Amino acid sequence: MTLSLAFNVPSATDQVWSVGQLNASVKRLFEKHAPNPLWVRGEMVQCKVWSSGHWYFTLRDKRSQVRCCLFGLNAARAGKPPADGTEVYVLGRPGLYEDKGDFQLIVSRVLPTASVGGQQQELERVKAALQQDGLFDAARKRPLPKYASIIALVTSRDGAALHDVATVTRKRWPCAQLLVISARVQGDGAVGELVQALRLVNRIPRLDLCILGRGGGAREDLAAFNSEAVCRTLAEVRVPTISAVGHEVDISLTDLVADVRAATPSAAAELAVADRQDVSRLLDDLSVRLASGLGGRTRLGFERLARAEDRLQAALQSAVRSQRSRADRLAAQLDALSPLRVLGRGYAVPLGTDGRVLKRRAEFTPGRSFQLQVVDGEVPARVEP
Amino acid sequence: MTRKDAANSATASVTEELARLEEIVRRLEAEDLELDSALALFEEGVARLRAARERLAAAELKVQAVLEEASGDLRYTKLDA
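Definitions and cut-offs
- Residues numbered from 1 in each chain as written.
- Chains lettered and ligands numbered in written order.
- Predicted model: local features only at pLDDT ≥ 70, side-chain atom pairs only at ≥ 80, totals over all residues.
- Heavy atoms only, no water.
- Axes fitted to C-alpha atoms, helices over the stretch in contact; angles between N-to-C directions.
- Helix = DSSP H or I, 4+ residues; strand = E, 2+ residues; numbered from the N terminus.
- Parallel < 35°, antiparallel > 145°, perpendicular 65-115°, else oblique.
- Left-handed = near helix turned anticlockwise from the far one by under 90°.
- Contact = heavy atoms within 4.5 Å.
- Nonpolar A, V, L, I, M, F, W, Y, C, P; charged D, E, K, R; others polar.
- Salt bridge = Lys/Arg side-chain N within 4 Å of Asp/Glu carboxyl O.
- Buried < 20%, exposed > 50% of the residue type's maximum accessible area, 1.4 Å probe, protein only.
- Pairing = 2+ DSSP bridges.
- Core = buried A, V, L, I, M, F, W, Y, C linked by side-chain atoms within 4.5 Å.
- Buried area = accessible area lost by both parts, 1.4 Å probe.
- Polar contact = N/O pair within 3.5 Å; in protein donor to acceptor, adjacent residues only side chain to side chain.

> For this particular structure, what's the right way to read the packing of helix α4 (residues 113–132) of chain A against helix α7 (residues 228–235) of chain A?
Two quantities define a packed helix pair, namely the angle between the axes and the distance from one axis to the other. All names here are of chain A. Where α4 meets α7, the closest approach of the two axes is 10 Å, and the angle between their N-to-C directions is 25 degrees. Comparing the axis directions of α4 and α7 gives the class roughly parallel. As for the relative orientation of α4 and α7, their crossing is right-handed in sense. Facing α4, whose interface residues are Arg-125, Val-126, Ala-129 and Leu-130, α7 presents Glu-228, Cys-231 and Arg-232. Its residues assigned to classes, the contact of α4 with α7 comprises four nonpolar, no polar and three charged.

Here is the structure:
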C-alpha cells in the first residue's frame with residue numbers, strides 16, 4: 001500500500017505547491033491554449049459598473065455561466081452597458097484571477113447581437129447590390145501607374161494614416177506630391193464627408209492615383225467604408241484607387257471596390273510609389289544602354305562608310321580595267337593598220353630624201369635617189385637614168 | 001526634340017522623363033537609324049538622364065491639403081505631415 005500511503009501524506013520527495021504557484025500555473029495554461037481573444041455569445045446579466053469605470057458582469061446561457069470583466073479603457077469605448085438580459089457577443093480572453101482563483105473572461109468588446117445582426121444584414125444587402133452592378137469585377141480593376149507622382153489621400157487629417165503614408169512616400173519617392181483631402185472616417189457624418197472628398201478627388205488635375213485610407217481602429221468603425229454611397233463614389237474615381245482601411249483581417253467593401261487593396265496605409269504608399277533606389281538603378285542601366293546603343297549606331301556608320309569606300313574603289317578599278325581593255329583593243333586595231341605590218345608581208349615604201357612617200361610615177365625621175373623602207377630598215381636606191 | 005526642349009522638360013514629371021528615356025534607348029538599340037538621328041537621340045537621352053537624376057536627388061515630398069472654396073475653386077495649403 002505504499003502507493004496510497006504516498007498520496008495520503010506528502011513525502012519528502014513530493015513537490016508541494018503554494019496556492020499562488022497553482023493559480024499562476026493554471027493561468028499560464030489558459031494563456032497557452034487560448035492565446036487569441038475569442039468571440040463568445042451569451043446573455044449579459046448582473047452588470048456592475050465600478051467608479052473606476054470597469055464593468056463586472058456574468059455571461060450565461062442555459063447550461064453555464066462565466067464571470068466577465070471589461071476594463072476602463074474598453075468600457076469607455078463601449079458606452080453604456082446594455083439592459084440586463086441582453087444577448088451579446090463579447091470578445092474576450094479566458095483567464096484566471098490569480099488572487100481569488102476565479103476563472104473569468106477578460107473582455108475587450110461587447111456588442112448586442114441585435115445590432116450586429118442589423119449591421120450584418122445591411123452589409124450583405126450592400127454587398128449584393130454592388131456585386132450585381134459589377135463593382136467588384138476583376139475586369140474593372142485598373143493597374144496602378146508605374147511612377148505615380150501626384151497622389152490624393154482621402155483620410156482623416158489627424159489620423160495615423162496621413163502620417164504613415166507621408167513617411168513611406170517621403171522615403172521611397174520624394175518627388176511625389178501628396179494631396180490630402182480630409183474627411184472624417186468614422187462616426188456620424190463620416191459617410192457624407194467621405195463621399196464629398198472622393199468627389200473632390202475627381203476635380204484635381206493631373207492626378208495619378210487615389211488612396212482611401214484609415215489608420216487602425218475598431219471593427220465597428222468600418223461602417224463608413226462599407227457604406228453603399230462611399231463604395232459607389234469610390235468606383236467613380238477616375239484614377240486608379242487603393243483602399244487601405246487598416247485591418248489585416250477584416251475586409252471592407254471599399255477594399256473590394258478599389259482597384260487594389262492594401263492591408264495598411266503604409267502598405268498602400270508602398271504600392272503607390274516607386275522606390276527611388278530602384279529608379280536610380282534603372283537610370284544607371286538606361287545610361288549604359290544609351291551609350292552602347294549610340295556605340296552600336298556609330299559602329300554601324302563606320303562600317304557603312306568602309307563598305308562605301310570599298311565599293312567606290314571596286315568601281316574605280318573596274319572603270320580603269322574597262323578603259324584599259326578598250327585601250328588594248330584600240331592598240332591592237334592600230335597595230336593591225338600599222339604600215340610596218342604591211343612591210344612585214346614583203347612590201348617596201350619609197351621615201352624621198354625629204355622623208356615623204358613617193359607615190360606617183362612622175363616622182364621617180366631618172367637618176368633620182370631615194371630610200372626604200374623595208375621591214376627591218378632602209379635601203380638606198382636610185383631610178384635608172 | 002532639340003536639346004532645349006529636353007532641358008525644358010525637366011518640369012515634366014519623372015514618369016514622362018523615364019518613359020521617353022526608355023523609348024530613346026529602345027530606338028537606339030533596335031532601329032536602323034541614320035547616324036544623325038542616332039546622335040540627336042543620344043544627346044536628348046543624356047539631357048533627360050541628367051534631368052531625372054537631378055529631380056530625384058533634389059526632391060522633397062510636398063504635402064498639401066486640398067480644400068474647396070465657397071466659390072467652388074480648389075485651394076492647396078501646405079501641410080506638415
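> It is not clear to me how the pattern of salt bridges should be interpreted in this structure. Could you clarify?
Two side chains that carry opposite charge are able to pair once their charged atoms sit near each other. Inspection of every chain in the model, using the stated rule, returns 23 salt bridges over all chains. Here Arg-20 of chain B ties to Glu-23 of chain B by a salt bridge, and the two come within 3.2 Å at their closest N and O atoms. Taken together, the residues span about one helical turn, with Arg-20 of chain B and Glu-23 of chain B both in helix α2 (residues 14–30) at a distance of three residues. What makes Glu-23 of chain B partly exposed here is its relative accessible area of 28%. Counted as one network, the salt bridges with shared partners bring together Glu-122, Arg-125, Asp-133, Glu-228 and Arg-232 of chain A.

> Would you mind showing me how to read the sheet that holds strand β13 (residues 377–382) of chain A here?
Each strand in a sheet pairs with its neighbour through backbone hydrogen bonds, running either in the same direction (parallel) or in the opposite one (antiparallel). All names here are of chain A. A sheet is described by the order of its strands in space; here three strands give the open sequence β11-β12-β13, paired in antiparallel fashion. Edge strands, defined here as strands with exactly one partner in the open sheet, are β11 (349–351) and β13. Neighbour to neighbour, the strand axes of the sheet diverge by 35 degrees on average, direction disregarded. In the sheet, strand β12 (residues 369–374) pairs with β13 via six bridges, with the strands oriented antiparallel. When the sheet's bridge partners are listed, Ser-369 is paired in β13 with Arg-382.

> Sorry, what's going on with the nonpolar core here?
With 44 residues, the main nonpolar core has Ile-151, Trp-173, Ile-211, Val-279 and Leu-283 of chain A as its most contacted residues. Take this core: its biggest share by element is six residues, from α2 of chain B. Core analysis: the next-biggest nonpolar cluster, separate from the first, contains 36 residues, Leu-200, Ala-224 and Cys-231 of chain A together with Val-66 of chain B among them.

> What am I meant to see in the interface of chain B and chain A here?
A common way to express how large an interface is: the accessible area buried when the components associate. Taken together, the 40 residues of chain B in the interface contact 38 residues of chain A. Among the residues chain B hides against chain A, the three largest losses belong to Leu-18, Leu-56 and Leu-61 of chain B. Together they make up 19% of the total. Inspection of the chain B/chain A interface yields three salt bridges. A salt bridge links Arg-53 of chain B to Asp-284 of chain A, with the shortest nitrogen-to-oxygen separation between them at 2.5 Å. Where chain B meets chain A, there are 11 residue pairs in polar contact (both at pLDDT 80 or more). Tallying contributions element by element places helix α3 (residues 35–58) of chain B first for the side of chain B that touches chain A, with 11 residues. With four bridges connecting them, strand β7 (residues 177–182) of chain A and strand β1 (residues 62–68) of chain B associate as parallel partners.

> Help me understand the pairing of strand β1 (residues 38–49) of chain A, please; the structure alone is not making it clear to me.
Each regular strand displays side chains that alternate between the two surfaces of the sheet. Residue and element names in this part refer to chain A. The pairing of β1 with strand β4 (residues 86–97) spans seven bridges and is classified as antiparallel. Counterpart to Trp-39 in the pairing with β4 is Leu-91. As defined by bridge partners, β1 adjoins strand β2 (residues 55–60) across five bridges and the pair is classed as antiparallel. For Val-49, the partnering residue across the bridge sits in β2 and is Trp-55. Hairpin connection from β1 to β2: five residues lie between these consecutive antiparallel strands, with Gly-53 at a positive phi of about 100 degrees.

> Any chance you could explain the environment of Phe-71 of chain A here in plain terms?
Residues and elements named next belong to chain A. Here Phe-71 is to be found in the loop between β3 (65–70) and α3 (72–78). For Phe-71, a relative accessible area of 35% puts it in the partly exposed group. Taking the C-alpha atoms as reference points, Phe-71 and Ile-106, separated by 35 residues in sequence, lie 8.0 Å from one another. Contacts of Phe-71, omitting those with residues within four sequence positions, involve His-54, Tyr-56, Ile-106 and Val-107.

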